[in-house]
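Descriptive structure summary
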Amino acid sequence: MEHASHQDKSAFATEPVGRLIVKFAIPCIISLVVNALYNIVDQIFIGWGVGYLGNGATNVVFPITIIALALAVLIGDGGAAYLSLKLGEGDLDSVKKGVGNAAVMITIAGIAMLVINTVFDPIFIFVFDMGVRGAAIATILGQIISFLVSIFYLPRFKTFHFDRSALRLHKRVCLSVLSLGVSSFITQIAITIVMALFNNLLAVYGAASVYGSEIPLTAMGIVMKVNQIMLSILVGIAIGAQPVIGFNYGCKNFHRVKRAFEVAIAAAEIIAIIAFFIFQFAPMSVVSIFGSEEGLYNEFAVKCFRIFLMLCPLNGFQTVAAIYLQAIGKPIKSAVVTLSRQIVFLVPVALLLPKAMGVVGVLWAGSAADALAFILALAMIVYEMKKLKKMAA
């Protein structure tokens, strides 16, 4: 197996941090956004072809698909973090094993999946009048094509070339990869749990309101999937910084570690603030993409965007903080930061607020969890930065 050249590796230590992060972040962002759009395409065509009740049905089953994604990122993200740390330490033998045990996430596969889904969704829904079933068939076709593209690309890495021996599992490496990827895994599982919980809360408390159970369930599903685009960009930026942080932390270039973290935070916050202005001041422009509805549906959808995502600018810091902790080999702390928003704070607040505020209380739970999670992430990063400063000294 061949490995990265000395020039490739030295770039992590010498090339401008911002340029490196852009180089690694752009493919990640494209891949993640394409996958987010892949889920949204179904909602758009179903919204126009079937109506908001069709979208409500897809929102009910969506958490199941997240479970499969959770298993994928457990290995993929863990392998990426492991690879970065070993590159920084110069442990090339472990790098080879890490690459062999890591899963491939490939932008072109995601694009192929999106294109297939976009082409066949309207054909099955409008031409063949198959409704939600047609959207499901288009989704399956897209997944099959994506799988075939990934298999085709697997042996064509430009940086690393490995043979069959590199695919043998090594217990120590597997455990390291899984421990580093557990934060991403927990994030996805947490999304599943939260979506299932929110679906039930919205249905129950919505039924006791003027909106009924279907409108809150559908509107929240749309909001979460649109918000996923913003989160995909934030995660892409953070993952783009991960190899820079991991490599320089491994070879003790702590000033570049700090610089990479600062650049990633700045970029993530810019994106989160732009999203905030869209969600707060132009929510109907987003809602109207998913079908022509009116009255109570539009009213509740706007409330979802404005209340549930009110503190979304704080997500930029929290997302980068979690990936930073993962990149420096602190998977437990990374998992704590991630879980704080998705489970630890969000679930209790979501269970309590609706008792006093009704279905709108479910929406306020999102903002409350964002605020509490930000405080925790800030405290942990301040502590880690103090340690980093001492290590640098």
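The sections below set out a description of the structure shown in this document.

Some points on the overall build of the protein chain
Counting its regular elements, the protein chain contains 14 helices and 0 strands. Starting at the N terminus, the α and β elements of the protein chain follow one another as α-α-α-α-α-α-α-α-α-α-α-α-α-α. For 393 residues, the compact-globule estimate of 2.2 N^0.38 gives 21 Å, and the C-alpha radius of gyration of the protein chain, at 22 Å, lies within 12% of that figure. Taking the principal axes of the C-alpha coordinates as reference, the protein chain spans close to 65 × 45 × 35 Å. Residue burial in the protein chain is summarised as follows: out of 393 residues, 51% are buried. Sequence separation of 24 or more characterises 83% of the internal contacts of the protein chain that already satisfy a separation of 6 or more. Of the roughly 17500 Å² that the protein chain leaves accessible, carbon and sulfur atoms contribute 71%.

Examining the side chain of Arg 341
You can see Arg 341 is positioned in helix α13 (residues 331–357). Side-chain polar atoms of Arg 341 contact the side chain of Asp 370, separated by 2.6 Å. Sequence-distant contacts of Arg 341, defined by excluding residues within four places in its chain, comprise Phe 308, Gln 318, Leu 346, Gly 366, Ala 369, Asp 370 and Ala 373.

Re the packing of α13 against helix α14 (residues 359–392)
For the pair α13 and α14, the least separation of the axes is 7 Å and the interaxial angle reads 150 degrees. Comparing their axes, α14 and α13 come out roughly antiparallel. Judged by the twist between their axes, the crossing of α13 over α14 is right-handed. Of the residues that constitute the contact of α13 with α14, the class distribution is 22 nonpolar, 3 polar and 4 charged.

Description of the nonpolar core
Counting 79 residues, the largest nonpolar core has Phe 198, Phe 300 and Tyr 324 as the members making the most contacts within it. Of all the elements, helix α8 (residues 214–250) adds the most residues to this core, at 17 residues. Contact partners of Tyr 324, with chain neighbours within four places excluded, come to Ile 245, Val 257, Phe 261, Ile 381, Glu 384, Met 385 and Leu 388. Among the nonpolar cores identified, the runner-up in size contains 9 residues, and Val 34, Phe 45, Leu 114 and Ala 135 belong to it.

Here we look at the packing of α8 against helix α11 (residues 296–308)
Axes are the key here: two packed helices are described by the angle between their axes and the distance separating the axes. At a minimum axis separation of 9 Å, α8 and α11 run at an interaxial angle of 45 degrees. Classed by the angle they form, the pair α8 and α11 counts as oblique. When you trace α8 past α11, the crossing you get is right-handed. Counted together, Ile 215, Pro 216, Thr 218, Ala 219, Met 220, Ile 222, Val 223, Met 224 and Val 226 of α8 and Leu 296, Tyr 297, Phe 300, Ala 301, Cys 304, Phe 305 and Phe 308 of α11 form the full contact between these two elements.

Topic: the packing of aromatic side chains
With the rule as written, the count across this model stands at 12 aromatic pairs. These aromatic residues form a ring-pair network of at least three members: Phe 261, Phe 317, Tyr 324 and Phe 374.

Observations regarding the environment of Glu 384
Along the chain, the position of Glu 384 falls in helix α14. Sequence spacing of Glu 384 and Ala 373 is 11 residues, and the spatial spacing of their C-alpha atoms is 17 Å. Residue contacts for Glu 384: discarding those within four places in its chain leaves Tyr 324, Leu 325, Ile 328, Lys 330 and Lys 333. Side chain to side chain, Glu 384 and Lys 330 meet in a polar contact 3.0 Å long.

Description of a nonpolar patch on the surface
Taken together, Ile 140, Leu 141, Ile 144, Ile 145, Phe 147, Leu 148 and Ile 151 make up a surface patch of nonpolar side chains, about 630 Å² in accessible area. Mapped onto the elements, Leu 141 comes out in helix α6 (residues 131–153). For Leu 141, a relative accessible area of 31% puts it in the partly exposed group.

Calculation rules
- Residues numbered from 1 in each chain as written.
- Predicted model: local features only at pLDDT ≥ 70, side-chain atom pairs only at ≥ 80, totals over all residues.
- Heavy atoms only, no water.
- Helix = DSSP H or I, 4+ residues; strand = E, 2+ residues; numbered from the N terminus.
- Rg over C-alpha atoms; globule rule 2.2 N^0.38 Å.
- Buried < 20%, exposed > 50% of the residue type's maximum accessible area, 1.4 Å probe, protein only.
- Contact = heavy atoms within 4.5 Å.
- Areas by Shrake-Rupley, 256 points an atom, 1.4 Å probe, with all protein chains shown as cover.
- Polar contact = N/O pair within 3.5 Å; in protein donor to acceptor, adjacent residues only side chain to side chain.
- Axes fitted to C-alpha atoms, helices over the stretch in contact; angles between N-to-C directions.
- Parallel < 35°, antiparallel > 145°, perpendicular 65-115°, else oblique.
- Left-handed = near helix turned anticlockwise from the far one by under 90°.
- Nonpolar A, V, L, I, M, F, W, Y, C, P; charged D, E, K, R; others polar.
- Core = buried A, V, L, I, M, F, W, Y, C linked by side-chain atoms within 4.5 Å.
- Phe/Tyr/Trp six-rings, centres within 6.5 Å; stacked < 30°, edge-to-face > 60°.
- Patch = residues over 30% accessible without salt bridge, like charges linked within 9 Å, V, L, I, M, F, W, Y side chains within 5 Å.
- Salt bridge = Lys/Arg side-chain N within 4 Å of Asp/Glu carboxyl O.

What is shown is where atoms sit, not what they do.
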